[in-house]
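# Examining the three-dimensional arrangement
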Amino acid sequence: MRNPLRFRILLLLLGGMSLFVGLCSGLWRLGWVLPHGASFAQLHGPLMISGLFGSLISLERAVALARPWAYLGPIATGLGSLMLLVGLPPVFGASAYLLASGVLAFASLLILRQQPALFTGALLFGALAWLAGNLLWLLGGAVPDLVGWWLVFLILTIAGERLEMSRLLPRKSGSEALFVMVIGLLAVGARNGPMDDNGAVLFGFGLLAATIWLFRHDIARRTVQQKGQTRFFAICMLLGYAWLGLAGAALLLWPPGVTAFGYDVALHAVLIGFVISMVFGHALIILPAVTQWRVVYTPWLYLPLALLHLSVLLRVVGGLAEGAGLRQGSGIVTVLAIVAFMLTMAAATWRFRRDARNTHATLQPPGSALPKARS
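Since the model is a prediction, treat every value here as computed from it, not as a measurement.

On to the overall build of the protein chain. Across its full length, the protein chain holds 14 helices and 0 strands. Reading the secondary structure of the protein chain in the N-to-C direction produces α-α-α-α-α-α-α-α-α-α-α-α-α-α. In terms of overall size, the protein chain behaves like a compact globule, its C-alpha atoms giving a radius of gyration of 22 Å where 375 residues would be expected to give roughly 21 Å. Residues counted as buried form 50% of the 375 residues belonging to the protein chain. Residue pairs at least 24 apart in sequence account for 73% of intrachain contacts in the protein chain once pairs closer than 6 positions are excluded.

Quick look at the structure:
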């Protein structure tokens with residue numbers, strides 16, 4: 001790659017394309033009339049989970065490994081999304097996503113061999129869960145039946161990264177065995193499927209156990225007492241854990257066999273309340289690492305964060321009350337939160353660079369900006 005930075009930005013743009021179409025198709029599924037919404041409705045889940053989150057995670061892992069072959073993962077997710085969006089049969093996109101998850105699993109295995117630890121093991125199992133979900137989708141499985149594997153992928157990837165950041169904290173006796181039990185509950189629940197009554201119970205207990213474990217062991221409990229960007233990160237984490245626990249409770253209290261909205265509540269509490277909240281928190285770290293652009297924190301980022309969690313609240317209340325209007329409104333608020341976060345972060349960064357240029361110009365000695373005389 002002659003210009004790896006531009007190449008990474010291109011891969012990010014492909015992930016952004018999946019985000020845009022995924023959000024539009026999600027709004028259509030909620031009842032909003034959008035152009036071509038029906039044609040992409042069935043691709044909402046794959047585009048958001050594999051096309052967006054899978055692409056971001058694969059790209060982050062490739063940058064960390066610094067090996068050219070690792071970029072095959074985000075390349076495959078980008079191509080898979082393109083094939084789905086141009087109307088090719090889903091088998092093509094699913095095959096590309098399967099390749100991407102295989103590359104991520106191999107990369108995670110290398111990391112585990114280099115650094116055997118609980119957090120690297122969690123990252124490997126998360127990648128294998130993504131691989132399993134993509135394989136089932138390629139074989140024609142319905143998304144509600146296999147989505148548990150995709151959720152395990154995201155949950156364990158986030159948990160593994162948080163464990164890495166908190167690894168210097170003292171561990172209580174039996175904590176590692178409890179975490180392995182969490183993985184087992186989630187895996188068996190995903191195997192049975194969250195739409196199955198037995199699978200919903202096991203997956204729900206797994207989500208609750210994961211929530212308790214993360215609340216007890218995440219360094220965010222300490223860093224939330226600090227200020228500025230560090231506190232913002234911690235609040236994103238802790239709010240996300242709260243929604244993860246609520247998702248587990250929803251599967252236990254309102255299983256799919258009792259109400260149609262329990263599954264929807266649990267799914268979006270995880271994907272929006274937990275995963276996107278984590279993305280908000282880690283964006284100020286991930287973007288500079290991937291793009292080499294300095295991204296600046298501003299307290300105004302709390303506004304889109306509040307909108308994001310308001311959207312989850314509307315989705316949950318609307319689902320439990322079977323209120324179509326609240327669920328429709330939640331979709332709009334989610335989109336507004338994501339767009340507001342991007343614009344706020346971009347505006348803060350632009351303002352910082354502008355002030356830095358002005359300060360630099362002010363500090364220049366008199367005459368330093370004058371052209372040099374030709375000899």
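What follows covers the packing of helix H11 (residues 228-253) against helix H13 (residues 302-320). One way to put it is that H11 packs onto H13 with a least axis distance of 12 Å and a crossing angle of 5 degrees. Looking at the two axes, H11 sits roughly parallel to H13. Seen from H11, the contacting residues are Gly228, Arg231, Phe232, Ile235, Cys236, Leu239, Gly240, Trp243 and Leu246; seen from H13, they are Tyr302, Leu305, His309, Val312, Leu313 and Val316. Looking at side-chain class alone, the contact of H11 with H13 contains 11 nonpolar, 3 polar and 1 charged residues.

Relative to the elements of secondary structure, glycine 281 occurs in helix H12 (residues 261-291). Along the chain, glycine 281 and leucine 136 lie 145 residues apart, while their C-alpha atoms are 31 Å from each other. Not counting residues within four places of it along the chain, the set of residues in contact with glycine 281 comprises Phe232, Phe233, Cys236 and Met237.

Once that is clear, we can look at H13. End to end, H13 covers 27 Å across 19 residues, agreeing with the expected 27 Å (1.5 Å per residue, within 8%). Of the positions making up H13, those classed as buried are Pro304, Leu305, Leu308, His309, Ser311, Val312, Arg315, Val316, Gly318 and Gly319. Downstream of H13 by a residue or two, glutamate 322 has a phi angle that is positive, lying close to 55 degrees.

All right, on to the packing of helix H4 (residues 72-85) against helix H5 (residues 90-114) then. In a packed pair of helices, the relevant descriptors are the angle between the two axes and the axis-to-axis distance. The interhelical angle for the contact between H4 and H5, taken along N-to-C directions, is 170 degrees, at an axis separation of 8 Å. With respect to H5, the axis of H4 lies roughly antiparallel. In this structure, H4 crosses over H5, and the sense of that crossing is left-handed. Contacts from Leu72, Gly73, Ala76, Thr77, Gly80, Ser81, Met83 and Leu84 in H4 reach Pro90, Phe92, Gly93, Ala96, Tyr97, Leu99, Ala100 and Val103 in H5. A per-class count over the contact of H4 with H5 returns 11 nonpolar, 5 polar and no charged.

Conventions used here
Residues numbered from 1 in each chain as written. Predicted model: local features only at pLDDT ≥ 70, side-chain atom pairs only at ≥ 80, totals over all residues. Heavy atoms only, no water. Helix = DSSP H or I, 4+ residues; strand = E, 2+ residues; numbered from the N terminus. Rg over C-alpha atoms; globule rule 2.2 N^0.38 Å. Buried < 20%, exposed > 50% of the residue type's maximum accessible area, 1.4 Å probe, protein only. Contact = heavy atoms within 4.5 Å. Axes fitted to C-alpha atoms, helices over the stretch in contact; angles between N-to-C directions. Parallel < 35°, antiparallel > 145°, perpendicular 65-115°, else oblique. Nonpolar A, V, L, I, M, F, W, Y, C, P; charged D, E, K, R; others polar. Expected span 1.5 Å × (residues − 1). Left-handed = near helix turned anticlockwise from the far one by under 90°.

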